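The lines below spell out each chain.
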Amino acid sequence: GESVGLHLPTLSVQEGDNSIINCAYSNSASDYFIWYKQESGKGPQFIIDIRSNMDKRQGQRVTVLLNKTVKHLSLQIAATQPGDSAVYFCAETERGNDYKLSFGAGTTVTVRA
Amino acid sequence: SQTIHQWPATLVQPVGSPLSLECTVEGTSNPNLYWYRQAAGRGLQLLFYSVGIGQISSEVPQNLSASRPQDRQFILSSKKLLLSDSGFYLCAWTLGSVFHEQYFGPGTRLTVT
């Protein structure tokens with residue numbers, strides 16, 4: 001079964017607001033956590049990653065937070081835009097098996113104008 | 001820059017017919033290559049991965065096989081398709097040991113009727 005899972009399958013956000021997408025994981029041997037964005041009919045696109053020895057990592061308009069105590073991962077998108085509408089997946093690799101990504105089911109984000 | 005191609009983009013095949021999906025990567029050498037399947041509304045399931053020519057690892061026993069006849073070519077095949085083989089097939093590549101940052105192709109939508 002999946003070792004990463006998302007809390008909510010859908011998220012509706014007003015344009016300009018911040019979005020927070022959550023993900024829980026169960027594997028204590030996880031090495032990297034990764035967020036991917038998939039637009040309709042396309043392949044997933046790498047957004048940002050964080051290694052298990054970090055708590056926070058920032059990119060352009062995105063921040064990933066990792067709470068190892070409760071095995072929780074989140075992706076924050078600042079000033080959400082219509083182009084952010086997509087399905088977002090969290091994924092993980094396992095230490096020693098880094099070649100293999102395990103994906104969660106995905107959260108569909110819809111941005112309201 | 002690197003690009004990844006998949007074809008065909010869409011395919012409708014009858015049950016029991018053979019399958020051949022092709023993936024090629026340009027602009028890089030010795031990539032790690034992956035085949036995933038995505039069922040509607042679900043996450044990605046890793047099917048096969050390859051770290052070199054002729055080296056194939058299977059993650060899920062099923063009605064499919066993979067081959068890597070050339071460094072940048074990855075082929076997904078089946079001798080007899082099942083209804084359950086329907087889905088969105090994605091090829092991805094990574095370089096070196098950065099396995100978690102995968103780059104996906106545009107995908108092939110397969111419908112088995």
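Attention in this report is confined to the structure presented alongside it.

Procedures and definitions
For every chain, the first residue of its written sequence is number 1, and the numbers climb from 1 along that sequence. Just so you know, chain letters begin at A and ligand numbers begin at 1, following the order they were written in. Two thresholds apply to this predicted model, a pLDDT of at least 70 for residue-level local features and 80 or more for giving and counting side-chain atom pairs, whereas whole-chain, interface and lining totals are computed over all residues. The basis for every side-chain value is the complete set of non-hydrogen atoms in the structure, without hydrogens or water. When DSSP locates at least two bridges between a pair of strands, those strands are taken to pair. Helix and strand definitions here come from DSSP, where helices need a minimum of 4 consecutive H or I residues and strands a minimum of 2 consecutive E residues; each element is numbered from the N-terminal end. Any two residues whose heavy atoms approach within 4.5 Å at even a single point are treated as in contact. By buried area we mean the combined loss of accessible area, with a 1.4 Å probe, across both parts when two parts are placed together. We count a salt bridge whenever a side-chain nitrogen from Lys or Arg sits within 4 Å of a carboxyl oxygen from Asp or Glu. N or O atoms closer than or at 3.5 Å make up a polar contact, with two conditions inside protein: a donor-capable atom paired with an acceptor-capable one, and, for residues adjacent in sequence, both atoms drawn from side chains.

## Concerning the pairing of strand E6 (residues 55–58) of chain B
Residues and elements named next belong to chain B.
Next up, step 1: Strand direction decides the pairing type here: strand E5 (residues 44–52) and E6, joined by 3 bridges, are antiparallel. Residue pairing in the sheet places Tyr-49 in a bridge with Ser-57 of E6.
Next up, step 2: Turn length for the E5-E6 hairpin, with the two strands adjacent in sequence and antiparallel, is 2 residues, and the turn residue Gly-54 shows positive phi of about 75 degrees.

## As for the interface of chain A and chain B
Next up, step 1: In this assembly, 20 residues from chain A lie in contact with 19 residues from chain B.
Next up, step 2: For the chain A and chain B pair, buried surface summed over both sides reaches about 1600 Å², with 59% attributable to carbon and sulfur atoms.
Next up, step 3: Applying the counting criterion to the chain A and chain B interface returns 1 salt bridge.
Next up, step 4: As a salt-bridge pair, B:Glu59 and A:Lys100 come within 2.9 Å of each other at their nearest N and O atoms.
Next up, step 5: Our enumeration of links across chain A and chain B arrives at 5 residue pairs in polar contact (both at pLDDT 80 or more).
Next up, step 6: Secondary-structure elements contributing two or more residues to the side of chain A that touches chain B are strand E4 (30–38), strand E5 (45–51), strand E9 (86–94) and strand E10 (97–103) of chain A.

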